[in-house]
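Here is what each chain is made of, one letter per residue.
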Amino acid sequence: MFSDTSVWNTPLDKSKVDPNSAVMIRTLMSDGPPRDITADVRSMWGFPFYFARAQDPVYRIVISGTTAPFARELDGLFVHCPVGVETSSGSDGVFRLVEQTDGYTYHFQRAFVDNTARVIHAWRSYRLETDGPGFRTIEEPPTGLEPIRPEELAAGFVRHTVGMHAKCLSGHNVAPYDLSGTKGVTCDPINDPTTRLSMGNVVFVDMTVAEVEALNIPTYQKAILKGLAVHGALVGFNGSHDWTLTYEAPQDRTAFGKPDPYVAAGLPSTLSIAKALDAVGGWGAKLKVLAPFPRPV
């Protein structure tokens, strides 16, 4: 997704580290190592992606449950959508629709697709230009979030910024999402805001691709670490009991009778990166937080 010049697809300038990086990483690590990703976790909290073509039927979008203007701007619009779409199975009920006829990718949350009435119901939604910068309105939550796809894990390199979940956040946002109304769940008791990650922070692994490649770990772990070393992870979710990254959900294949893409790619049922950096001092020794950066124009 997004253009080749998008900030989410170009290498980070890792020389620009947040002055509070060390303490933010220390508090992140106090929540434990990154969560193991089981098949159930991928299905519940992953992002299914569907690709709409001109020959797919047209559905009307109906938005309810939120008054945020940016989240309601799609109410009443019509999009092509494959028949048989399934959302993620968790309470978020999300899916993404790459509408190949209009050039936008639509994100739906708490969604239900009525194939009889040809309606996509959602609590909130937004859309981004599929080949655009990965940003929309200033009020939106972090939206340049791409999941890790099984094909990337098998190929050995995740070549874009990925989404990151944290247990709890500072209660304020940082650039480029400093004007977003989405603050996230704060830590309890509330800490000094400088000690916790915020919506909009980018976290990266301070290693080179060559250093990652030299580790004696599985290919899928190298794929994730290379991605974090070059492109980082954008903090855009919280509320879980530990921290993790965002993965593609398998429903975008299994809903149409295709095999689970993780199984098809020869990946283990449970993806674990908790010990991937043990040989070089662990996650706490290699993670850093990028300094907030201006929103691209």
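Reading guide: rules and limits
- Residues numbered from 1 in each chain as written.
- Predicted model: local features only at pLDDT ≥ 70, side-chain atom pairs only at ≥ 80, totals over all residues.
- Heavy atoms only, no water.
- Pairing = 2+ DSSP bridges.
- Helix = DSSP H or I, 4+ residues; strand = E, 2+ residues; numbered from the N terminus.
- Contact = heavy atoms within 4.5 Å.
- Axes fitted to C-alpha atoms, helices over the stretch in contact; angles between N-to-C directions.
- Salt bridge = Lys/Arg side-chain N within 4 Å of Asp/Glu carboxyl O.
- Buried < 20%, exposed > 50% of the residue type's maximum accessible area, 1.4 Å probe, protein only.
- Arc of directions from axis to C-beta.
- 1 Å grid on protein atoms, 1.4 Å probe; cavity = no way out; pocket = protein on both sides within 12 Å on 5 of 7 lines; lining within 4 Å.
- Points joined across faces, edges and corners; volume = space filled by probe spheres on them.
- Nonpolar A, V, L, I, M, F, W, Y, C, P; charged D, E, K, R; others polar.
- Phe/Tyr/Trp six-rings, centres within 6.5 Å; stacked < 30°, edge-to-face > 60°.
- Lys NZ or Arg CZ within 6 Å of the ring centre and 35° of its normal.
- Disulfide = S-S within 2.5 Å.

## Remarks on the sheet that holds strand β10 (residues 202-205)
Pairing is mixed in the open sheet, where five strands are placed in the order β12-β9-β11-β10-β13. At either end of the open sheet lies a strand with only one pairing partner, and these are β12 (244-245) and β13 (287-289). Sheet analysis places β10 next to β13, joined by three bridges and oriented antiparallel. Across the sheet, residue valine 205 finds its bridge partner in β13, namely leucine 287. In this fold helix α1 (residues 21-30) packs onto β9 (162-166), β10 and β13, with an angle of close to 125° to the strand it touches most, β13.

## Concerning the pattern of salt bridges
This structure, assessed with the given rule, holds 11 salt bridges. With its nearest N and O atoms 2.7 Å apart, the salt bridge here joins glutamate 73 to arginine 136. With glutamate 73 in the loop between α3 (69-72) and β3 (78-80) and arginine 136 in the loop between β8 (124-129) and α4 (150-155), the pair connects residues that are 63 residues apart, well separated along the chain. Between arginine 149 and glutamate 248 there is a salt bridge, and its shortest N-O distance comes to 2.8 Å. In this pair, arginine 149 sits in the loop between β8 and α4 while glutamate 248 sits in the loop between β12 and α7 (251-254), placing the two residues 99 residues apart along the sequence. Residue arginine 149 is classed as partly exposed on the basis of its relative accessible area of 28%. When its relative accessible area of 0% is taken as the criterion, glutamate 248 is described as buried. Several salt bridges converge on common partners, so that one network encompasses Arg149, Glu151, Glu248, Asp252 and Arg253.

## Quick word on the sheet that holds strand β2 (residues 58-63)
The strand order across the open sheet built from four strands is β3-β2-β7-β6, with neighbouring strands paired in mixed fashion. Each having just a single partner strand, β3 and β6 (112-114) make up the two edges of the open sheet. Across the sheet, the mean angle from the axis of one strand to that of its neighbour is 30°, orientation sign disregarded. Where β6 meets strand β7 (residues 119-122), three bridges bridge the pair, whose relative direction is antiparallel. For valine 113, the partnering residue across the bridge sits in β7 and is isoleucine 120.

## Description of α1
Within the span of α1, buried status applies to Ser21, Met24, Ile25, Thr27 and Leu28. For α1, the arc enclosing every buried residue in end-on projection is 160°, short of the 170-degree limit, so these residues lie on one face. Facing away from the buried side of α1 by over 90 degrees, the exposed positions are Ala22, Arg26 and Ser30. Turning to α1, the residues buried within the fold contact β9, β10, α9 (283-286) and β13. Downstream of α1 by one or two residues, glycine 32 has phi in the positive range, about 110°.

## Re the layout of surface pockets
Volume-wise, the largest pocket comes out at about 720 Å³. Along the wall of the largest pocket there are 34 residues; nearest its centre are Asp92, His165, Gly236, Phe237 and Asn238. Elements represented by at least two residues in the lining of the largest pocket include exactly α2 (39-45), β5 (104-109), β8, β11 (233-238) and β12. Grouping the constituent residues of the lining of the largest pocket by class yields 15 nonpolar, 13 polar and six charged.

## Overview of the packing of aromatic side chains
Counted under the stated rule, the structure contains 10 aromatic pairs. Consider the rings of phenylalanine 47 and phenylalanine 237, whose centres lie 5.8 Å apart with planes at 80°: the pair is edge-to-face. Of the two residues, phenylalanine 47 sits in the loop between α2 and β1 (49-52) while phenylalanine 237 sits in strand β11, which places them 190 residues apart along the sequence. Geometrically, the ring pair formed by tyrosine 50 and phenylalanine 95 is edge-to-face, given 6.0 Å between the ring centres and 75° between the ring planes. Here tyrosine 50 is found in strand β1, whereas its partner phenylalanine 95 is found in strand β4 (residues 95-99), with 45 residues between them in sequence. The pair formed by tyrosine 50 and phenylalanine 95 is uniform in burial state, with each residue classed as buried. Ring pairing ties together the aromatic residues Tyr50, Phe95, Tyr104, Tyr106, Phe108 and Phe256, which thus form one cluster. For arginine 110, the ring lying beneath its charged end belongs to tryptophan 123, and the centroid distance is 4.1 Å. Here arginine 159 stacks its cationic end above the ring of phenylalanine 157, 4.0 Å away from the centre of that ring.

## Points about the state of the cysteines
This model, assessed by the stated rule, comprises one disulfide. Bridging cysteine 168 to cysteine 187, the disulfide has an S-S length of 2.1 Å. Residues cysteine 168 and cysteine 187 are joined by a disulfide whose S-S torsion is about 95°; by sign, that bridge is right-handed. Taken as a pair, cysteine 168 in the loop between β9 and β10 and cysteine 187 in the loop between β9 and β10 lie far apart in primary sequence, 19 residues in all. Both residues of the pair, cysteine 168 and cysteine 187, belong to the buried class.

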